[in-house]
Amino acid sequence: MVTPEEEALLLQRAEEHRVTVPRLLIESALAPTGETPTERRNAVVELFAVHRLLAGIANNVNQMARATNVTGEVQAEMVATLRAVRRTAERIDTAVDVLGQS
């Protein structure tokens, strides 16, 4: 028997994961480490997004390095780009931590 409070929590969590309550219960019960397939899928989606972002940043760094080699001057955008590298690395760390907690 589910109490009204428990039912409210189940409905809230199901809504957060955009699944039905039965789907939430099945995923939770069958997940070996308490992680639902929905949570794992979201973490993988985040890793792919970060991968695409990192590829774009790497391209920018390569272009700036090429320009620096030609002119002998560090490009003005280098500081902002290196900050983006740091933010991206932090996103990777966070996504890996989420996967590692499961």
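Residues numbered from 1 in each chain as written. Predicted model: local features only at pLDDT ≥ 70, side-chain atom pairs only at ≥ 80, totals over all residues. Heavy atoms only, no water.

Undergrad: Teacher, can you tell me more about the overall build of the protein chain here?
TA: Counting its regular elements, the protein chain contains four helices and zero strands. Ordered by position from N to C terminus, the α and β elements of the protein chain give α-α-α-α. Relative to a compact globule of 102 residues, whose C-alpha radius of gyration would be 13 Å, the protein chain shows 21 Å and is clearly more extended. Seen through its principal axes, the protein chain has C-alpha atoms that stretch 75 × 25 × 20 Å. Taking the contacts inside the protein chain whose residues are at least 6 apart along the sequence as the reference set, 46% of them involve residues at least 24 apart. Between the centroid of the 11 positive side chains of the protein chain and the centroid of its 14 negative side chains there is a distance of 9 Å. (Helix = DSSP H or I, 4+ residues; strand = E, 2+ residues; numbered from the N terminus. Rg over C-alpha atoms; globule rule 2.2 N^0.38 Å. Contact = heavy atoms within 4.5 Å. Lys, Arg positive; Asp, Glu negative; His and termini not counted. Charge placed at Lys NZ, Arg CZ, Asp CG, Glu CD.)

Undergrad: What is the right way to look at the confidence of the model for the protein chain in this model?
TA: For residues with low pLDDT, the predicted coordinates do not support detailed interpretation. Taken as a whole, the protein chain shows an average pLDDT of 83; of its residues, 90% reach a score of 70 or greater. Mean pLDDT across the secondary structure elements of the protein chain bottoms out at helix H2 (residues 21–30), with 81, and peaks at helix H1 (residues 4–17), with 89. (pLDDT = per-residue confidence, 0-100.)

Undergrad: Honestly, the packing of H1 against H2 in this entry has me stumped. Any pointers?
TA: Direction vectors running N to C along H1 and H2 enclose 85 degrees, while the axes themselves pass 9 Å from each other. Compared by their axis directions, H1 and H2 come out roughly perpendicular. For the pair H1 and H2, contact is made by Leu 10, Leu 11, Arg 13, Ala 14 and His 17 and by Val 21, Leu 24 and Leu 25, respectively. Looking at the contact of H1 with H2 residue by residue, the class counts come to six nonpolar, one polar and one charged. (Axes fitted to C-alpha atoms, helices over the stretch in contact; angles between N-to-C directions. Parallel < 35°, antiparallel > 145°, perpendicular 65-115°, else oblique. Nonpolar A, V, L, I, M, F, W, Y, C, P; charged D, E, K, R; others polar.)

Undergrad: Just to check I follow, could you spell out unusual backbone geometry for this structure?
TA: Backbone phi values are negative for most residues with the exception of glycine, while trans is the configuration of most peptide bonds. The residue Arg 18 is not glycine, and still its phi comes out positive at about 60 degrees. Of note, Arg 18 is situated in the loop between H1 and H2. With a relative accessible area of 79%, Arg 18 lands in the exposed category. (Buried < 20%, exposed > 50% of the residue type's maximum accessible area, 1.4 Å probe, protein only.)

Undergrad: Help me understand the environment of Thr 81 in this model?
TA: You can see Thr 81 is positioned in helix H4 (residues 78–100). By relative accessible area, Thr 81 is classed as buried at 10%. Between the C-alpha atoms of Thr 81 and Ala 58, which are 23 residues apart in sequence, the distance is 9.1 Å. Non-local contacts of Thr 81, meaning those with residues more than four positions away in its chain, are made with Ile 57, Asn 60, Val 61 and Met 64.

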